[in-house]
Amino acid sequence: MTAGTLLVCSLAGYGLARIPYKHSNKVFYAVLATLMVPTAVTFVPSFVLVSSLGWVDTYRGLIIPGLFSGFTCFLFRQYFLGFPKELEEAARVDGLGYWGAYWRIVVPNSLNFFAAIATITFISGWNAFLWPLVIGQDPDSWTVQIALSSFMTNQTVNFHLIFMATAVSILPLVLVFLFLQRWLVQGIAQTGIKG
């Protein structure tokens, strides 16, 4: 899911930032408008759509509805607006189009920012609860958070199992953070976010 979100949102952000067309501002405002719509409003229509496609209890139902994020697209657009145009113009002189400039010039020079967004997206996907709970009705397709909640029932709470499972479940998050820590700090610094 993280790789798909990075691809979809970075392409959308690059298109909004660099490809000139008549309605680019309207599309950007529509993307921003999605940030103002609460998830609870879109939950039932999303479930009806996924159910009609037959994606309940499938990885497609878990992954595809979450591939686009208005916030991530906004972050990519803002980052690409500050990306040096000279590098892309040199790529176009060498015969590359928008796709070639994006794939061969922009992405390799933006790995720090991609790592920062990948970390945020991975943590968000790892901690998702409500959508995977509704879509993944089969225990084989449960996410970590749903599996953790299965240790609590109305009658009993297995604290020893919850604590052990929680300790094991945070290991991937810690490993991702440790692996991407250097790029994460540089990527946040490049976005202009000051702490």
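Residues numbered from 1 in each chain as written. Predicted model: local features only at pLDDT ≥ 70, side-chain atom pairs only at ≥ 80, totals over all residues. Heavy atoms only, no water.

J.: Mind showing me how you'd approach the packing of helix H5 (residues 70-81) against helix H8 (residues 111-126) here?
T.: For any two helices packed against each other, the geometry is given by the interaxial angle and the distance between the axes. Their axes nearest at 12 Å, the elements H5 and H8 cross at an angle of 165°. Taken together, H5 and H8 sit at an angle that is classed as roughly antiparallel. Like other packed secondary-structure pairs, H5 and H8 cross with a definite hand, here right-handed. Of the residues in H8, those touching H5 at Thr72, Leu75, Phe76, Tyr79 and Phe80 are Phe113, Phe114 and Ile117. Among the residues forming the contact of H5 with H8, the class breakdown is 7 nonpolar, 1 polar and no charged. (Axes fitted to C-alpha atoms, helices over the stretch in contact; angles between N-to-C directions. Helix = DSSP H or I, 4+ residues; strand = E, 2+ residues; numbered from the N terminus. Parallel < 35°, antiparallel > 145°, perpendicular 65-115°, else oblique. Left-handed = near helix turned anticlockwise from the far one by under 90°. Contact = heavy atoms within 4.5 Å. Nonpolar A, V, L, I, M, F, W, Y, C, P; charged D, E, K, R; others polar.)

J.: Hey, could you run me through the confidence of the model for the chain in this one?
T.: Fine structural detail should not be taken from predicted coordinates in areas where pLDDT scores are low. Mean pLDDT over the chain works out to 87, with 95% of the residues at or above the 70 mark. No element of the chain has a lower mean pLDDT than helix H12 (residues 171-191), at 77, and none a higher one than helix H1 (residues 2-18), at 94. (pLDDT = per-residue confidence, 0-100.)

J.: Please clarify how the nonpolar core should be interpreted in this entry.
T.: Inside soluble globular proteins, nonpolar side chains tend to come together where they are buried. Residues Leu6, Tyr14, Phe76, Phe80, Tyr102 and Phe114 are the most contacted members of the largest nonpolar core, which totals 17 residues. For this core, the secondary-structure elements that each account for two or more residues are H1, H5, helix H7 (98-106) and H8. Leave out the neighbours within four places in its chain, and leucine 6 touches Phe76, Phe114, Ile117 and Ala118. Phe43, Val50, Trp55 and Trp131 belong to the second largest nonpolar core, which has 6 residues in total. (Core = buried A, V, L, I, M, F, W, Y, C linked by side-chain atoms within 4.5 Å. Buried < 20%, exposed > 50% of the residue type's maximum accessible area, 1.4 Å probe, protein only.)

J.: I would appreciate a short explanation of unusual backbone geometry in the present structure.
T.: In this structure, aspartate 57 takes a positive phi of about 65° despite not being glycine. Note on placement: aspartate 57 falls in the loop between helix H3 (39-52) and helix H4 (59-63). You can call aspartate 57 partly exposed: its relative accessible area is 35%.

J.: Is there a simple way to explain the pattern of salt bridges in this structure?
T.: Charged atoms that come close allow side chains of opposite charge to pair. Under the defined criterion, the tally for this structure stands at 1 salt bridge. Across the salt bridge formed by arginine 18 and glutamate 88, the nearest N and O atoms sit 2.5 Å from each other. You can see arginine 18 sitting in helix H1 and its partner glutamate 88 sitting in helix H6 (residues 85-93), a full 70 residues away along the chain. Residues arginine 18 and glutamate 88 agree in their burial class; the two are buried. (Salt bridge = Lys/Arg side-chain N within 4 Å of Asp/Glu carboxyl O.)

J.: What is the right way to read the packing of aromatic side chains from this model?
T.: In this description, a pair of aromatic rings is defined by centroid distance and the angle of the planes. Scanning all chains against the criterion turns up 16 aromatic pairs. Considering the side-chain rings of tyrosine 79 and phenylalanine 83, the 6.4 Å spacing of their centres and the 55° angle between planes classify their relative orientation as tilted. Here tyrosine 79 and phenylalanine 83 have matching classes, each one buried. Cation over ring: arginine 77 sits above phenylalanine 28, and NZ or CZ is 3.8 Å from the ring centre. (Phe/Tyr/Trp six-rings, centres within 6.5 Å; stacked < 30°, edge-to-face > 60°. Lys NZ or Arg CZ within 6 Å of the ring centre and 35° of its normal.)

J.: Whenever I open this one, the layout of surface pockets confuses me. Can you help?
T.: The gaps left among the atoms become clear once a water-sized probe is rolled over them. Estimated volume of the largest pocket: approximately 1500 Å³. Counting residues per element, the ones that place at least two in the lining of the largest pocket are H1, helix H2 (24-35), H3, H4, H5, H8 and helix H9 (130-135). Residue composition of the lining of the largest pocket, grouped by class: 26 nonpolar, 15 polar and 1 charged. (1 Å grid on protein atoms, 1.4 Å probe; cavity = no way out; pocket = protein on both sides within 12 Å on 5 of 7 lines; lining within 4 Å. Points joined across faces, edges and corners; volume = space filled by probe spheres on them.)

J.: What is the right way to look at the environment of cysteine 9 in this model?
T.: Locating cysteine 9 in the fold gives a position in helix H1. Distance in space between the C-alpha atoms of cysteine 9 and phenylalanine 71 is 9.0 Å, their sequence separation being 62 residues.

J.: What exactly am I supposed to notice about the environment of proline 132 here?
T.: Along the chain, the position of proline 132 falls in helix H9. Spatially, the C-alpha atoms of proline 132 and valine 48 are 14 Å apart, while their sequence positions differ by 84 residues. Leave out the neighbours within four places in its chain, and proline 132 touches Leu62, Thr143 and Ile146.

J.: Please explain the packing of H1 against H7 as it appears in this structure.
T.: Where H1 contacts H7, the axes come no closer than 12 Å and their chain directions differ by 115°. Viewed along their axes, H1 and H7 form a crossing whose handedness is right-handed. In this structure, H1 uses Leu7, Ser10, Leu11, Tyr14 and Arg18 to contact H7, whose residues at the interface are Tyr98, Trp99, Ala101, Tyr102 and Val106. Of the residues in the contact of H1 with H7, the class split is 8 nonpolar, 1 polar and 1 charged.

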